[in-house]
Amino acid sequence: MPASTATWLDDKRSQAREAYAGEEVPTWRRSGFWTTSLRKLDLDALEPRHHEPLDAIPPIVSEALGDDELGALVLQRGASTVHTFLDPQLAEQGVIVTSLERAVEEHSDLVREWYMRRLSPEEGKFAAASAAFWTGGVFVHVPKGLKIEKPIQSVYLIDEPGTAQYAHTLAVIGENSECSFREYCLGARFEGQALHAGGFELYAQAGANVQVAHFQDWGSGEIYDISTKRVEIGRDAHVGWVPVHLGGRLTKQTLDIITAEQGSDMRHTGLYFTERDEHLDLFTTDKHERGHTTGDTVWKGALTGRSRASYEGLIHIVKDAQETHTYLQTHQMLLSSDAKGDAIPSLIVQTDNVSASHGGTVGELDEDQIFYMMTRGVPRSEAVRILVEGYFEEVVQRLNDEGLQALVRRRIAEKLLAAEDQVAKFIGERAGEDPADHDLEGEAA
Amino acid sequence: MSLEIQNLHVRIEEREILHGVDLKVDKDQTHALMGPNGSGKSTLANTIMGNPNYEVTEGKILFNGEDITEAAPDERARAGLFLAFQYPATIPGVSVANFLRMAMNARRDEQIKVKEFGKVLRENMELLRIDTAFSSRYLNEGFSGGEKKRAEILQLAMLKPEVAVLDETDSGLDIDALRIVSDGVNALRGPTMGTLIITHYTRILHYVRPDFVHIMLDGRIVREGGAELADELEEKGYDFVREEVAANAG
């Protein structure tokens, strides 16, 4: 751990270390068959790996970033920030994008004002771990009244087995500012285990308009990701939040987006696609803490291989948050007979005079759609690919970021190609059977 | 060049629906297959196209002399068969234009050029009086009944099959839409496209005059004739045919 001049941070870290020591490695259980267990993870064998700064961006990162011109970039490899860049013009305008470590040194008061406002080391073993042990990290501050076109980018890279990456990102977007912030989690292909334990907090202040994307693609190595992400939306501010989960041995994420003041608005769009032995456990909360706020959430997922994916999406409208209007839709598509998943929308409403609706489906590809496409000359495997891509297209359209859209479309196509044979077999087995769809619907008004 | 159905018996979920159907559609002919609900018309349409839910237990389907009874639906389509669906599926995330281009490319060795595709699409949309914005909508998503039928006929016009089966294309259309769709079919049919119009009602046959009419009852073709048979049916109704068949059987 770096020696810090900020004693306030030392205090916070030591509280978190205590919380960490007091917690057992958890097993998460939910109603039904769902259990997320870390018993296969050899936590003691992992440690933070430090690296020298890099002049050139590694290919695995540059491929994901594509040709988009960036306003800023912070790249963390293992435990170390290895590359940072900030457009000089943005620096001149007062934008700060750097490692959190450095921000603590250079902007101690600013960081202290926001640090861990919405995160707590008391939330569990790994929330405590990231709060206690984070290194490198990311800090973004956009001063008020700025409109930034080029995306601000951060990347957490794990490219060595044995790595424990404790991450912390803090982003503060000033009043009436507009920007787009993308955080990518990328893993190289390797044999062996690694861990990413992350905390993410973003504050969109009054009147801000922010696009936030999380793109997680840990690859085919055995990377475990246990993270908590929280987005707070201030008065009359808007945040479009896009978490995308495309790979990781085991992922357990708590994703919360909070309309904290009147007039705040969220557009929350998620996507996941699991394969092989991957295990994904997502719990999202759209929390409305004040009245006169709005929300619109769509999550879609697909599963191949022997993968497991559970999505639970909660709308929580607290007491007195009247005149809240929000809805949540979640869909999940099974593409393999060995895959298992669920998609559960739920609702807690502690006030009246609101409208909140939610719906969820778990289903398989529709044999009528496949037949229809085949009657137009499209071979079965091609029809399946087009239908799955079409299924995701609704959420891809909502990403609102061409570079990210292209990346997501490419990865979906790659995953479908990799699973082509098993999907064809699965759909073939299903032909003629009754579709095993079930619907979950709920309303509250 | 023809579609020929010989002694076709078809089962769905253990129940036999078609009990030996014979029918031949040459590529310069227009046939109408008429029958009341539940007579097996749609079963025949689905079986011609190879829907896996329908099982052929006896007889065969020949296309241009080749036995296609066991062929996959996409092979039949690439050979030149087309079915305009009564209830076409929705294809989310795929625009009408992209879908059409994909379907056209599926039956060509060389991909169609973007410019050429655009031109053909425009011409056919004009023919069917379809608004240009239509082509960027996801196929059949949120389409009205009439829009779905027009999208089917647009595909027919773009794909130019050798034999087209139109399954209840007239149902659910108001008189203006029916006229537009009929004009489209008239522009496309014969001498290079054989057409099998499947319908419950005679009204589309006022616009698209068939060369041959076949009446189906309970999974069998019970009467055949020229266009005048449709007129007779309009006058007397299916019960008359049913009584006649019963009398002959007795």
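Bear in mind that the values here come from a model prediction, so they are computed numbers and not experimental data. (Residues numbered from 1 in each chain as written. Chains lettered and ligands numbered in written order. Predicted model: local features only at pLDDT ≥ 70, side-chain atom pairs only at ≥ 80, totals over all residues.)

Draft legend 1. How the structure looks around the overall build of chain A. A count of helices and strands for chain A gives ten helices and 22 strands. Whereas a compact globule of 445 residues would reach a radius of gyration of roughly 22 Å, chain A reaches 21 Å, a difference of no more than 12%. Each of the three principal axes of chain A carries a C-alpha extent, and together these read 70 × 55 × 45 Å. Going through the 445 residues of chain A one by one, you find that 51% of them count as buried. Taking as baseline every contact in chain A between residues at least 6 positions apart, the subset at least 24 positions apart corresponds to 83%. (Helix = DSSP H or I, 4+ residues; strand = E, 2+ residues; numbered from the N terminus. Rg over C-alpha atoms; globule rule 2.2 N^0.38 Å. Buried ≥ 20, exposed ≤ 12 C-beta atoms within 10 Å, placed from the backbone. Contact = placed C-beta atoms within 7 Å.)

Draft legend 2. Focus on unusual backbone geometry. Residues and elements named next belong to chain A. The phi dihedral of D236 falls on the positive side, at around 55°, and the residue is not glycine. Structurally, D236 is set in the loop between β12 (222-233) and β13 (238-247). Judged by the 18 C-beta atoms lying within 10 Å of it, D236 is partly exposed. Phi at R276 is positive, roughly 45°, even though this residue is not glycine. Tracing the sequence through the fold places R276 in the loop between β15 (265-274) and β16 (279-288). A tally of 13 C-beta atoms within 10 Å means that R276 is categorised as partly exposed.

Draft legend 3. Structural detail: the interface of chain A and chain B. On the chain B side, the residues contacting the 19 residues of chain A number 22 residues. Elements that contribute at least two residues to the side of chain A that touches chain B include exactly α7 (367-374) and α8 (380-397) of chain A. When the residues that make up the side of chain A that touches chain B are grouped by side-chain class, the tally is eight nonpolar, five polar and six charged. (Nonpolar A, V, L, I, M, F, W, Y, C, P; charged D, E, K, R; others polar.)

Draft legend 4. Just the sheet that holds strand β18 (residues 308-317) of chain A, in detail. Residues and elements named next belong to chain A. Here we have nine strands laid out as an open sheet, ordered β5-β6-β8-β10-β12-β14-β16-β18-β20, and mixed in their pairing. Strand pairing shows two members of the sheet lacking a second neighbour, β5 (96-98) and β20 (340-349), which therefore form its edges. Geometrically, the sheet is characterised by an average inter-axis angle of 5° between neighbouring strands, direction not taken into account. Across twelve bridges, the pairing between strand β10 (residues 193-204) and β12 is parallel. When the bridges of β12 are listed, G198 appears paired with S227. In the packing of helix α6 (residues 125-133) onto the sheet, the strands contacted are β8 (164-173), β10 and β12, and the crossing angle to β10 comes to about 80°. (Pairing = 2+ DSSP bridges. Axes fitted to C-alpha atoms, helices over the stretch in contact; angles between N-to-C directions.)

Draft legend 5. Here's a closer look at the pairing of strand β12 (residues 220-225) of chain B. All names here are of chain B. Of the pairings in the sheet, the one linking strand β11 (residues 212-217) to β12 comprises five bridges and is antiparallel in character. Bridge pairing in β12 places I215 opposite R223. The antiparallel hairpin formed by β11 and β12 contains two residues in its connecting segment, where D218 sits at a positive phi of about 45°.

Draft legend 6. View of the nonpolar core. Residues and elements named next belong to chain A. Counting residues in each nonpolar core, the largest one holds 187 residues, and the members touching the most others are V239 and L335. It is α8 that provides the largest number of residues to this core, a total of nine residues. Leaving out residues up to four positions away in the same chain, L335 has contacts with A302, L303, T304, V388, A419, V423 and F426. Grouped together as the second largest cluster of nonpolar side chains are six residues, I317, A321, L328 and A356 included. (Core = buried A, V, L, I, M, F, W, Y, C linked by C-beta atoms within 7 Å.)

Draft legend 7. Seen up close, the confidence of the model for chain B. Residue-level pLDDT values for chain B average 93, and 100% of them are 70 or greater. Two summary scores accompany this predicted model of the complex, namely pTM at 0.87 and ipTM at 0.96. (pLDDT = per-residue confidence, 0-100.)

Draft legend 8. Just the packing of α8 of chain A against helix α9 (residues 402-418) of chain A, in detail. Residue and element names in this part refer to chain A. For the pair α8 and α9, interaxial distance at closest approach is 11 Å and the crossing angle is 155°. As judged from the angle between their axes, α8 and α9 are roughly antiparallel. Relative to α9, α8 is oriented so that their crossing is right-handed. Residues R385, V388, E389, F392 and V396 of α8 form the contact with α9, whose own contacting residues are Q405, V408, R409, I412, A413 and L416. Classifying every residue of the contact of α8 with α9 by side-chain character gives seven nonpolar, one polar and three charged. (Parallel < 35°, antiparallel > 145°, perpendicular 65-115°, else oblique. Left-handed = near helix turned anticlockwise from the far one by under 90°.)

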